[in-house]
Amino acid sequence: MTQDLNIYVASLSDYNAGRLVGAWIECEGKDEEDLHAEITAMLATSKEPIAEEWAIHDHEGFGSLDIGEYTPMSEVAEMCELVEEHEDVAMAAASWLIGLDEIREACEDKYHGCFDSLENWAYDLCQDMGYMDELPSLIECHIDFESIARNLTMSDYHAVRMDGNYYIFSNC
């Protein structure tokens, strides 16, 4: 994984009183209860007599995963689990899908690999499907794999470019 998963949680009663009271919380390996315990500890440092409400004011390491001010800690924990399990594949899927269930399905059932070019992916796909087995090298060198990749990504596959690589997912 390229970056740690953290959220910044702030006390709303302090924020409304003009003070910044909050904490960066490391999320890796934590469940909903662990995250709530850290929020409770942060709220205990408040100077306000009643400090119960909080909001997420920042986050890092989650890429395109949608974390808002009031995202439930159960969802934050699930996002962490997804990113810890699938790393960059989850980040690539999150760049074009919405919803944790869709992202998880793309990572687990629709992911076809990471390639340095779409042309190399199309060549590997053709090889895997057996199309290249009996093909003479004279003909093989004239196949336009870039065009094949372009056609495939218009219908059956989705390619996400991230960090110089292409992450390939099926659309069905």
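Use the structure listed above.
Quantities reported herein were computed from a predicted structural model and do not represent experimental measurements.

## Details of the overall build of the protein chain
Next, step 1: Helix and strand counts for the protein chain come out as eight helices and six strands.
Next, step 2: The order of helices and strands in the protein chain, counted from the N terminus, is β-α-β-α-β-α-α-α-β-α-α-α-β-β.
Next, step 3: Against the compact-globule benchmark of 16 Å for 172 residues, the protein chain has a radius of gyration of 22 Å, which places it well outside the compact range.
Next, step 4: By its C-alpha atoms, the protein chain is 80 × 25 × 25 Å across when sized along the principal axes.
Next, step 5: Classification of the 172 residues of the protein chain by burial places 38% in the buried group.
Next, step 6: About 10,000 Å² of surface is accessible on the protein chain, with carbon and sulfur atoms providing 46% of the total.
Next, step 7: A gap of 8 Å separates the mean positions of the 7 positive and 39 negative side-chain charges of the protein chain.

## Here's the deal with the packing of helix α3 (residues 73-86) against helix α5 (residues 100-110)
Geometry of a packed helix pair, given as the angle between the helix axes and the separation of the axes.
Next, step 1: It is at 11 Å that the axes of α3 and α5 come closest, and there the two elements cross at 15°. In terms of orientation, α3 and α5 fall into the roughly parallel class. For the element pair α3 and α5, the recorded crossing hand is left-handed. Mapping the contact onto sequence places E75, E78, M79, E81, L82, E85 and H86 in α3 and L100, D101, I103, R104, C107 and E108 in α5.

## Observations regarding the side chain of D14
Next, step 1: Here D14 lies in helix α1 (residues 12-16).
Next, step 2: A polar side-chain atom of D14 sits 2.7 Å from a polar atom in the side chain of S11.
Next, step 3: Dropping the residues within four chain positions of it, D14 is found in contact with R19, V21, S46, K47 and E48.

## Considering the environment of I39
Next, step 1: Along the polypeptide, I39 turns up in helix α2 (residues 32-43).
Next, step 2: As a C-alpha pair, I39 and D144 span 105 residues in sequence and 56 Å in three-dimensional space.
Next, step 3: Apart from the residues lying within four places of it in its own chain, the contact partners of I39 are V9, I25, W54 and M73.

## So, the sheet that holds strand β4 (residues 111-115)
Next, step 1: On the basis of which strands lie adjacent, the open sheet formed by three strands has the order β4-β6-β5 and antiparallel pairing. Two strands lie at the open edges of the sheet, namely β4 and β5 (157-162), each paired on one side alone. With strand direction ignored, the average angle separating the axes of adjacent strands in the sheet is 20°.
Next, step 2: The pairing of β4 with strand β6 (residues 165-170) spans four bridges and is antiparallel. Bridge pairing in β6 places F115 opposite Y166.
Next, step 3: Its contacts with the sheet place α5 against β4 and β6, and it is angled at close to 80° to β4.

## Description of the environment of F145
Next, step 1: Its place among the elements puts F145 in helix α8 (residues 145-155).
Next, step 2: Relative accessible area serves as the criterion here: at 7%, F145 is assigned to the buried category.
Next, step 3: Setting aside residues no more than four positions away along its own chain, F145 makes contact with E119, A122, Y123, C126, M132 and E140.

## Observations concerning the pattern of salt bridges
Next, step 1: Summed over all chains, the structure comprises seven salt bridges.
Next, step 2: When the shortest N-O distance is used, the salt bridge between R19 and D14 registers 3.4 Å.
Next, step 3: A salt bridge links R104 to E81; the nearest nitrogen and oxygen atoms lie 3.8 Å apart. Of this pair, R104 sits in helix α5 while E81 sits in helix α3, and the two are 23 residues apart along the sequence.
Next, step 4: Given a relative accessible area of 17%, R104 falls into the buried group.
Next, step 5: By relative accessible area, which is 44% here, E81 ends up partly exposed.

Definitions and cut-offs
- Residues numbered from 1 in each chain as written.
- Predicted model: local features only at pLDDT ≥ 70, side-chain atom pairs only at ≥ 80, totals over all residues.
- Heavy atoms only, no water.
- Helix = DSSP H or I, 4+ residues; strand = E, 2+ residues; numbered from the N terminus.
- Rg over C-alpha atoms; globule rule 2.2 N^0.38 Å.
- Buried < 20%, exposed > 50% of the residue type's maximum accessible area, 1.4 Å probe, protein only.
- Areas by Shrake-Rupley, 256 points an atom, 1.4 Å probe, with all protein chains shown as cover.
- Lys, Arg positive; Asp, Glu negative; His and termini not counted.
- Charge placed at Lys NZ, Arg CZ, Asp CG, Glu CD.
- Axes fitted to C-alpha atoms, helices over the stretch in contact; angles between N-to-C directions.
- Parallel < 35°, antiparallel > 145°, perpendicular 65-115°, else oblique.
- Left-handed = near helix turned anticlockwise from the far one by under 90°.
- Contact = heavy atoms within 4.5 Å.
- Polar contact = N/O pair within 3.5 Å; in protein donor to acceptor, adjacent residues only side chain to side chain.
- Pairing = 2+ DSSP bridges.
- Salt bridge = Lys/Arg side-chain N within 4 Å of Asp/Glu carboxyl O.

Nothing here speaks to function; it is geometry throughout.
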